[in-house]
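Analysis of the macromolecular model
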Amino acid sequence: NTQAFGRSLDRGILERLDAGEVVVGDGGFLFCMEKRGYVKAGQWTPEVTVEHPEAVRQLHREFLRAGADVMQTFTFYASDSKLGNRGNTASDKIGCTEINQAACELAREVANEGDALVAGNISQTPSYMSGLGKEVVQKEFQQQIDIFVKNDVDFLIGELFFYVEEAEWAIEVMKATGKPVAMCMCVCTAGDMEEVPIDECAVRIAQAGADIIGVNCFWGPDVCLKAMAAIKEALEKAGLKRHLIVQPIGYKTPEFLDDSSNGEIKKGMSGLAEFPFALEPRVLTRFETQKYARDAYNMGIRYIGACCGMEPYHVRAIAEEAKERGKLPPASEKHGLWGYALRQHTYPWVRARARRSHWENLEPTSGRPFSTALRKIETQWADLSLSSKTMQQQKVQTTEEEVEQLAAKRSAVPI
Ligand SMILES: N[C@@H](CCSCCCCC(=O)O)C(=O)O
Ligand SMILES: [Zn+2]
């Protein structure tokens, strides 16, 4: 097993997945960093890799300690057009190259502290949403990917692709590097935002050359695993053997299991009135996260990760559930599976909960007597196709007047 850059080359992502190993993904970096005051919601861009590298290093370390086998470079939304979208100054003030370079160094530094791999992360672009075309969009992907290649990341991962066409364009640029390619579309069983059915999305992504295929974000485990079942079936029917990846959000979103409302469910959590600052009542418990990991494993998914809302303790739950790995993560030193650590508690009524049956059967209360369980999904933005211009972007800041116009569109819907 030849060594290069301090890691064993025969333990790459495909070698691990081909061997049937479970690969634990990292968690929701953007949301964690926003809650910690290092990422600004709205723009959601990762200039913190240059502004406060210590914060990024620390969070990578927390995910590594929790059992993550992959350190995704914190380069999500770090395309040039996103860093300069709607008044964001990160592109002008710091720059795409510096942000992506710093992210690669931080991810590799922490990955080398364990046996983790580094994945160069790209994502959807405002340029695509504004219909600027293949050449402009691929040039932006190339700018990030050149930096990933220069830093010799172990593989590439695309995330949050709403449109299968943009995902295909991304895969074309990713494949040219010769590195393994993972593609997570942001689709559920209602299909992509141009009405391309999910089974067609899966086949097109596979045929474009992705080695690892799945979904990330926008929906909780239940909705994402329903999408993964459709993707798995489509690939099997087409005779396309690929590895499967799933990275759901850490929030419960049962409203979206009904995919009949079509356009509405495609907005996922972003379509909820609570998004992004009041989703806390929906946060998954560590035990619900364990159940998600087991359900994913039972479906044949071996790259089991996490997205927005999933903190390091959620990733630890995934790693602890994946007993097939034959090891517990370092953070389990400070955790007792199924509450066993409570045997050391000073209060007898708490020690009474140091058993699996208590936690496995608990339906947590919300503490909010006036809250309803589910949200009626807004219906104003049903057509998300490029031709509808609904997703059109701009460099200048959204004005007060524009916000009022958007709010007027939805005022008919009870908050
Ligand atoms: N790997 C990334 C995935 C982020 S998915 C972010 C969705 C943001 C939606 C929005 O723009 O509001 C991460 O961990 O942050
Ligand atoms: Zn996410």
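Residues numbered from 1 in each chain as written. Chains lettered and ligands numbered in written order. Predicted model: local features only at pLDDT ≥ 70, side-chain atom pairs only at ≥ 80, totals over all residues. Heavy atoms only, no water.

Further remarks concern the coordination of the zinc ion (ligand 2). Geometry sets the ideal angles at a metal, namely 109.5 degrees for four tetrahedral donors and 90 or 180 degrees for six octahedral donors. At the metal site, the zinc ion (ligand 2) is ligated by Cys217 (SG), Cys307 (SG) and Cys308 (SG), and these contacts range over 2.2 to 2.3 Å. The site at the zinc ion (ligand 2) holds 4 donor atoms, and with the angles between them running 99 to 125°, its shape is tetrahedral. Taken in sequence order, the residues that donate to the zinc ion (ligand 2) follow the motif C-x89-C-C. Considered together, Cys307 and Cys308 belong to a single accessibility category, that of buried residues. (Donors = N, O, S within 2.8 Å, 3.2 Å for Na, K, Ca; no water. Tetrahedral: all angles 85-135°; square planar, octahedral: opposite > 155°, others 65-115°. Buried < 20%, exposed > 50% of the residue type's maximum accessible area, 1.4 Å probe, protein only.)

Taken over all residues, the pLDDT of the chain has a mean of 95, while the share at 70 or more is 96%. Overall, residues 1–9 carries pLDDT values under 50, and its contacts beyond four positions in sequence, including any with other chains, amount to 13 contacts. Interface confidence for the predicted complex, expressed as ipTM, amounts to 0.99; the pTM equals 0.96. (pLDDT = per-residue confidence, 0-100. Contact = heavy atoms within 4.5 Å.)

This part takes up the packing of aromatic side chains. The tally for this structure, following the rule as stated, stands at 16 aromatic pairs. With a centroid separation of 5.8 Å and 45° between ring planes, the pair formed by Phe29 and Phe63 is classed as tilted. With Phe29 in helix 2 (residues 29–35) and Phe63 in helix 4 (residues 53–66), this residue pair connects regions lying 34 residues apart in the sequence. By relative accessible area, which is 0% here, Phe63 ends up buried. A ring pair is formed by Phe31 and Trp44, whose centres lie 4.8 Å apart and whose planes are at 5°; its orientation type is stacked. Of this pair, Phe31 sits in helix 2 while Trp44 sits in the loop between helix 2 and helix 3 (48–51), placing them 13 residues apart in sequence. Taking the relative accessible area as the measure of exposure, Trp44 reaches 10% and is therefore buried. An aromatic cluster is defined as three or more aromatic residues linked by ring pairs; in this entry it consists of Tyr128, Phe162, Tyr163, Trp169, Phe218 and Trp219. Sitting over the face of the ring of Tyr77, Lys82 holds its NZ or CZ atom 4.2 Å from the ring centroid. (Phe/Tyr/Trp six-rings, centres within 6.5 Å; stacked < 30°, edge-to-face > 60°. Helix = DSSP H or I, 4+ residues; strand = E, 2+ residues; numbered from the N terminus. Lys NZ or Arg CZ within 6 Å of the ring centre and 35° of its normal.)

To continue, consider the pairing of strand 7 (residues 181–185). In terms of burial, strand 7 is a largely internal element, 5 of the 5 residues being buried. Alternating positions in strand 7 separate into two faces, Val181, Met183 and Met185 on one and Ala182 and Cys184 on the other, with burial throughout. Examined bridge by bridge, strand 6 (residues 155–161) and strand 7 share 4 bridges and lie parallel to one another. Its bridge partner lying in strand 7, Gly158 is registered against Met183. Once the chain exits strand 6 it traverses helix 10 (residues 164–175) before rejoining the sheet at strand 7, and the crossover so formed is right-handed. Two elements, strand 7 and strand 8 (residues 212–216), share 4 bridges in a ladder whose sense is parallel. Pairing of Cys184 across the sheet is with Gly214, part of strand 8. (Pairing = 2+ DSSP bridges. Right-handed = clockwise from strand over helix to strand, strands pointing away.)

Moving on: the site of ligand 1. Not every one of the 15 residues close to ligand 1 is listed here, only the nearest: Gly27, Phe29, Leu30, Tyr77 and Glu159. One of the backbone nitrogen or oxygen atoms of Gly27 is found 3.1 Å away from an oxygen atom of ligand 1. Here an oxygen atom of ligand 1 sits 2.8 Å away from a polar atom, N or O, in the main chain of Leu30. Expressed as a share of its isolated accessible area of 430 Å², the protein-covered part of ligand 1 is 92%. For the shell around ligand 1, a count of residues per class yields 10 nonpolar, 4 polar and 1 charged. (Near = heavy atom within 4 Å. Polar contact = N/O pair within 3.5 Å; in protein donor to acceptor, adjacent residues only side chain to side chain. Areas by Shrake-Rupley, 256 points an atom, 1.4 Å probe, with all protein chains shown as cover. Nonpolar A, V, L, I, M, F, W, Y, C, P; charged D, E, K, R; others polar.)

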